[in-house]
Amino acid sequence: MAIVEPLADTSEGRRRLGIRSPATREPVGEIVVSRREDVEAAIVKARDAQREWARVTIAERARIVRSTIDILVERRDEVVETIIDETGKTRLEALMMEIVPACDYLNFWSGRAVEELSDEKRKLHGYLRPVKRLIMHYRPLGVIGVITPWNGPFSLAINPTIQAVLAGNAVLLKPSEVAPYSGDWAIKLLREAGVPEGVVQTVHGDGETGAALVNGGVQKISFTGSVSTGKKIAAACAEQLIPYSLELGGKDAMIVCADADLERAAGGAVFNSMLNSGHVCMGVERVYVVESVADELEERIANIVRELRYGAGDDVDVGAVFWDRQLPIIERHIEDAKTKGAEIVVGGEADTTNGLFYKPTFVRNVDHSMELMREETFGPIVSVMRVKDEEEAIRLANDSHYGLSGSVWTRDIQKGIEIAKRMETGSVIINDASMAYGAPEAPFGGMKDSGVGHVNGLGALRSYTHQQPILIHRWAQKRERVWYPHTPKTIEEIDGLIRIIYGTALKKLGFFS
Ligand code: NAD
């Protein structure tokens, strides 16, 4: 039974999708798929609302967005129930990965808005300074399409949405068809807080609706999802010359050095591989451990994984596989690894008796001939490969077409930093993992196939604006010396200027820079 299944069309011939809980297979709701004309109508509504919203002061926008925190805290149980129903993740994961970060993003971005988005005077350098003034204006782009995946359906929706809204834009959110109601909550809470209805809207559906949004005439796409969809979106945005940010998949490496705290490294390897049933873009997918400490690390990992409880309800550690389409990928990677000589120490099979589960799994003796070490698996699996030394670990970590995040585990922080700098990834964590998206000060974005652009980081709010410089001439003279007609005198004057500014010792003294 599919988690997302086509239902009979509505009487007006609209497609409907039924949604089931992956943990219980019970129906949790249905959506009517928004068609191209629905998306276009929503964009028209958004455009009208955005003009008004852009006139609201930044401080007021920030006040409204910040007040969403109170409503979210008040209604968190309802939000959590929706997330659990749709995804089958555990309650702790829903609180920790959805509610906590959402509160934090609301708090952080609303706190930065005035500083980051207000007009600012910027000093010009050199010969320009005496003649011109510069004011930077951060002009909203207009209507932003936000397209999100199923693994963090609430927090990954609210984060880009509030960044865009604070910057004075309207947002059309297209949540994943796997968890549409979780995405709805982001919009519902913002509206309850006072963001006008047209400024934040949801359109529902699958790739058809997503593609209609991308091609509907929006001014930017903020996309979080798979590499293959990301490439289609990049092509569509390029065609329209609109900006986009792509937060895509990962195959994050964890490097365990010989001097690592092995108790912490083992616990970290298991937690960061299993968290959210392994459906974390920046979760640990590959563990490289230096030979000399591999026996101990593997033994510790095996002991932890053996104790993990999976299933539905609150007495478990690992929840459901969120979408039936992910299960065959997980199964294929494990089968391929087994065929090529990997050893399944714990788990290694699905359990679909009552819901959609994959047993918490520990695999060792893996290598790069296996899909498990090359393609995103997105399942509750710890995969460990032994390496001769740290050099080999770095080489193998970089031997990937992904480059989202990664981690280094060592007691020598300076060494950890040096290794981090050699990793071809968007971010690196030392002695922890799966954290980079959670630090809003840190720009989060992938290298290689893992994405283009950033979400988060100081300056993120400005990525939803056109940075519009306004240059103001300082003086009231009737004409500039270089205006027509050109004469031998003006040529001589400009030539003299070059000599004085760039051809004398003045430039070495830092004048004019
Ligand atoms: P997906 O690409 O299948 O779908 C993502 C969204 O795009 C969904 O809303 C989907 O309906 C929509 N979509 C599908 N086809 C489309 C099209 N042609 N045009 C426009 N929209 C379209 O991804 P998914 O399976 O939902 O998400 C899992 C992936 O997301 C994993 O690879 C994971 O690593 C990645 N991810 C990345 C980050 C990050 O920040 N880098 C965060 C979470 C998840």
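About the cut-offs
Residues numbered from 1 in each chain as written. Predicted model: local features only at pLDDT ≥ 70, side-chain atom pairs only at ≥ 80, totals over all residues. Heavy atoms only, no water. Near = heavy atom within 4 Å. Polar contact = N/O pair within 3.5 Å; in protein donor to acceptor, adjacent residues only side chain to side chain. Areas by Shrake-Rupley, 256 points an atom, 1.4 Å probe, with all protein chains shown as cover. Helix = DSSP H or I, 4+ residues; strand = E, 2+ residues; numbered from the N terminus. Buried < 20%, exposed > 50% of the residue type's maximum accessible area, 1.4 Å probe, protein only. Pairing = 2+ DSSP bridges. Contact = heavy atoms within 4.5 Å. Axes fitted to C-alpha atoms, helices over the stretch in contact; angles between N-to-C directions. Parallel < 35°, antiparallel > 145°, perpendicular 65-115°, else oblique. Left-handed = near helix turned anticlockwise from the far one by under 90°. Nonpolar A, V, L, I, M, F, W, Y, C, P; charged D, E, K, R; others polar.

1. Some points on the site of the ligand
Okay, so step 1: Neighbouring the ligand are 30 residues; K174, E177, S226, T229 and E376 lie closest to it.
Okay, so step 2: Within the contact set of the ligand, a nitrogen atom lies 2.8 Å away from a backbone nitrogen or oxygen of L248.
Okay, so step 3: Relative to its free-state accessible area of 850 Å², the ligand is covered by the protein chains to the extent of 90%.
Okay, so step 4: Sorting the residues of the shell around the ligand by element identifies α6 (207–214), β9 (220–224) and α7 (227–240) as the ones contributing at least two each.

2. Examining unusual backbone geometry
Okay, so step 1: Here Y484 and P485 are connected by a cis peptide whose omega angle stands at 0°.
Okay, so step 2: Take P485: it is sitting in the loop between β23 (465–473) and α13 (488–502).
Okay, so step 3: Positive phi values are uncommon outside glycine, yet R25 reaches one of about 65°.
Okay, so step 4: Examined against the element boundaries, R25 turns out to sit in the loop between β2 (16–20) and β3 (27–32).
Okay, so step 5: One non-glycine residue, F378, lies in positive phi territory at about 60°.
Okay, so step 6: Structurally, F378 can be placed in the loop between β16 (361–364) and β17 (381–387).
Okay, so step 7: By relative accessible area, which is 8% here, F378 ends up buried.

3. Here we look at the sheet that holds strand β6 (residues 143–147)
Okay, so step 1: Read across the sheet, six strands follow the order β8-β7-β6-β9-β10-β22 without closing on themselves; strand pairing throughout is mixed. The strands lining the two open edges of the sheet, one partner per strand, are β8 (200–202) and β22 (451–452).
Okay, so step 2: Where strand β10 (residues 244–247) meets β22, two bridges bridge the pair, whose relative direction is antiparallel. Within the sheet, the bridge partner assigned to E247 lies in β22 and is G451.
Okay, so step 3: Helix-sheet contacts for helix α1 (residues 36–55) involve β6, β7 (170–174) and β8, and the interaxial angle to β7 is about 155°.
Okay, so step 4: Relative to the sheet, helix α5 (residues 180–193) contacts β7 and β8, its axis offset from that of β8 by approximately 155°.

4. Digging into the packing of helix α2 (residues 58–87) against α5
Okay, so step 1: The contact between α2 and α5 brings their axes to 9 Å, and the two run at 160°. One way to sum up the angle between α2 and α5 is to call them roughly antiparallel. Both α2 and α5 take part in a crossing whose hand is right-handed. Where α2 approaches α5, its residues I64, S67, T68, I71, L72, R75, E78, V79, T82, I83 and E86 are matched on the opposing element by P180, Y181, S182, W185, L189, L190, E192 and A193.

5. Some words on the side chain of E86
Okay, so step 1: Along the chain, E86 falls in helix α2.
Okay, so step 2: Ignoring sequence-local partners within four residues, the contact set of E86 consists of R20, P22, V28, V178, A179, P180, Y181 and S182.

6. Some remarks on the packing of helix α4 (residues 155–166) against α5
Okay, so step 1: Two elements in contact, α4 and α5, have axes separated by 8 Å at closest approach and are oriented at 45°. The pairing of α4 with α5 is recorded here as oblique in orientation. As α4 runs across α5, the sense of the crossing is right-handed. Within the contact between the two elements, α4 uses A157, I158, T161 and I162 and α5 uses A186, I187 and L190.
Okay, so step 2: Along the lines of polarity and charge, the residues of the contact of α4 with α5 split into six nonpolar, one polar and no charged.

7. Overview of the environment of K415
Okay, so step 1: Assignment of secondary structure puts K415 in helix α12 (residues 413–422).
Okay, so step 2: Given a relative accessible area of 22%, K415 falls into the partly exposed group.
Okay, so step 3: Linking K415 and C257, residues 158 residues apart in sequence, is a C-alpha distance of 9.7 Å.
Okay, so step 4: If we skip the residues at most four places from it in the chain, K415 touches C257, D259, E390 and T410.
Okay, so step 5: At 2.9 Å, the side chain of K415 forms a polar contact with the side chain of E390.

8. Details of the sheet that holds β2
Okay, so step 1: Read from one edge of the open sheet, three strands run β1-β2-β3, paired in antiparallel fashion. Every other strand in the sheet has two partners, leaving β1 (4–7) and β3 as the edge strands with one partner each. Each strand of the sheet is rotated relative to its neighbour by a mean of 30°, with strand direction disregarded.
Okay, so step 2: Pairing of β2 with β3, which is carried by five bridges, proceeds in the antiparallel orientation. Across the sheet, R16 pairs through a bridge with V32, a residue of β3.

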